[in-house]
Amino acid sequence: MPSLSTLRKPIVLTATAVGLAALGWSVARVPGAADQARADLEAAKIAIEAGDETAAVAAVDRARGQVDVVQVAVQGPVGLVGQWIPVLGTSVQDARHLGDALDAVTSVAELGAETFPEITGDDSTFFTGGRVDIPTLERLVDNAGEAETALREARADLEAIDGTGPGAARLTSARDEALGQVRPLHDGLTSSMPLIDQLPDILGADGERKYLVAILNPAELRYSGGTALTLTPITVQDGSIEFGEAVDTETTPDLLKPRYWRKVPGNPFHKGKTSPVNATFPPSWPIAGEETLNAWRSVRGRNMSGLFAIDVVTLGRLAQITGPMDVPGYGQVDGDNLVQTLVGSYDQYTDVEQRKAANRALVPLFVDRLLQSGQLPDKVKVLTEAARGRHFAAYFRGEDSQAAMQGLAIAGDLSDTEHDYLGVFTQNVVPSKTDYWQSRALRSDVRLRADGSARVALEVEVHNDSPPYVGTTPDYRQGYLTRYSTLSIGSFLPLGAEVDSAAVDGAEVDFVVGDYFGRPFVRRTIAFDPQARHVLRLEYDVPAAAVVVGDRLDYRLDLDPQGMVRPEGVTTTVRFPAGYVVEGLPEGWSASGERGATWTADALDESPRLTLSARSSKPNP
């Protein structure tokens, strides 16, 4: 009879073989279950966005089932022991990371399936009758915090996957696909959390807040956007939103009378006594907003907590969601005709008081539609996209709330880039509504040097594309019906730019370089006859248009548009120094010779940040 010691070795070998087989079977199940879990999570996302609560819950439940398969396979005793086995242990550890990541993401989906019906469901009481339910909001803020933590943990687990052990190809593929979903979700929620955290305070959970809504008319532009068409105060307390009476220059003539109010220190566009309607001359809303609130206080004697600037173009986009309205004096107004009706039909409605009365009638109707429950995500999406084109901005005097706006690019600020920059804005100098027809094209020619500096030639072509005059009296070159335009063209330049020359239609002109909180700018006032075109050309040097990274040059350009009825066109051509070759072409760029490329936007209605790289073909010394 064999001794115990004789039998021990084959028993141990057999047990080990069985254990390894079990481990291999467990790990082998992970990628397939993970793939199915990700598919179910994608289905849940689609259902949540569509407002299909039943389908969302079912998809999340299926995902949870698949994640449990993964977790049982890799987190139980077999996986716990297997992670220490040489070679195979690497894959086991990777599978454990993948399981933990999927578990965290599924928890986020469960929060989403629970949360979104509270916001958008048929029985939602989150936002009804112009009131936000604060207890629900605070619970949603907590859920968002939990989701951000879970996504951060999921991302860390996915990034920890090594992908070098047995079965690495499938695990690596699963990791990369999951990261492609988790990273943007995590980045988006992380950037949104400061605002989410501030929402209860903004909505008056801790006391009354007063805000001013400025409705902007892009037919008469300021550097910040349209001139204030209508101003409306709102009071918010414990989630309840109450709009005050809409006012304009007809009901409140003091808005047109020059007066003193507290100037924002350093603002070059506030010089002494001026009309409150001129408060929006600065191109950035953190300055224009504070100026407007100070001007409002000088007229009405009221301090406000912040300001929302929204132009007629955005109202038109929102009206696509809220539906048509019957407005006394205008008839039916909807998303297709709102812009043209309000700011493009002065020939049709020549009675100024009638027009302004119709505008005032539109505001409460529109506000009532906007504050109705339902379609909240669509409304938020419209405002977010409008902010990218500088058609909408929010300014808060509270430091934390304003920081949240800055982080989400809703503050209407100028880019703070230290590299190349384009921001051209026009200001209607002689009062008129001709900016409704204004067309503008920017052409930037950038010649880079090996040290990253550049010589830039910028051409700003403006076309006063106004139709024939239809008035019964002579065109007095100002007012509602004129086809003439006089514009102050403001070109805001890269930090440290040194301007060498300025010309209008090929003839050199004198110029002065101003300073807007560290950013240089050049202004030129030009008169436009009907259908006239004029070109302002500036040549200047930029100290750091590109970043030198070894033998590579990374050109970087930020652009800020102006909120226009017709968005401006932009063409930027970049040429690298001799000996450099462009490395690939990012989306939107086209080749322009071996060492050059061109980026074009026919209608710039966002604030892009562009990068173009080239590498030196010369050998390193």
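None of the values given here were measured: they were computed from a predicted structure.

Asks: Let's hear about the packing of helix α8 (residues 312-322) against helix α11 (residues 376-388): which residues, and what values?
Replies: In the contact formed by α8 and α11, the axes pass within 10 Å of each other and the chain directions differ by 160°. Classified by the interaxial angle, the pair formed by α8 and α11 is roughly antiparallel. The handedness of the crossing between α8 and α11 comes out as right-handed. Residues Thr314, Arg317, Leu318, Ile321 and Thr322 of α8 form the contact with α11, whose own contacting residues are Asp378, Lys379, Val382, Leu383 and Ala386. The class makeup of the residues in the contact of α8 with α11 is five nonpolar, two polar and three charged.

Asks: Give me the lowdown on the pattern of salt bridges, citing residues and values where you can.
Replies: By the definition in use, this model includes 33 salt bridges. One salt bridge connects Glu539 with Arg455, and the closest N-O pair in it is separated by 3.4 Å. Taken together, the positions of Glu539 in strand β18 (residues 533-542) and Arg455 in strand β12 (residues 454-464) put the pair 84 residues apart, joining distant regions of the chain. Assessed through its relative accessible area of 22%, Glu539 is described here as partly exposed. Overall, the relative accessible area of 26% leaves Arg455 in the partly exposed class. Linking Asp541 and Arg455 is a salt bridge whose minimum nitrogen-to-oxygen distance equals 3.1 Å. Taken together, the positions of Asp541 in strand β18 and Arg455 in strand β12 put the pair 86 residues apart, joining distant regions of the chain. A relative accessible area of 24% means that Asp541 is categorised as partly exposed.

Conventions used here
- Residues numbered from 1 in each chain as written.
- Predicted model: local features only at pLDDT ≥ 70, side-chain atom pairs only at ≥ 80, totals over all residues.
- Heavy atoms only, no water.
- Axes fitted to C-alpha atoms, helices over the stretch in contact; angles between N-to-C directions.
- Helix = DSSP H or I, 4+ residues; strand = E, 2+ residues; numbered from the N terminus.
- Parallel < 35°, antiparallel > 145°, perpendicular 65-115°, else oblique.
- Left-handed = near helix turned anticlockwise from the far one by under 90°.
- Contact = heavy atoms within 4.5 Å.
- Nonpolar A, V, L, I, M, F, W, Y, C, P; charged D, E, K, R; others polar.
- Salt bridge = Lys/Arg side-chain N within 4 Å of Asp/Glu carboxyl O.
- Buried < 20%, exposed > 50% of the residue type's maximum accessible area, 1.4 Å probe, protein only.

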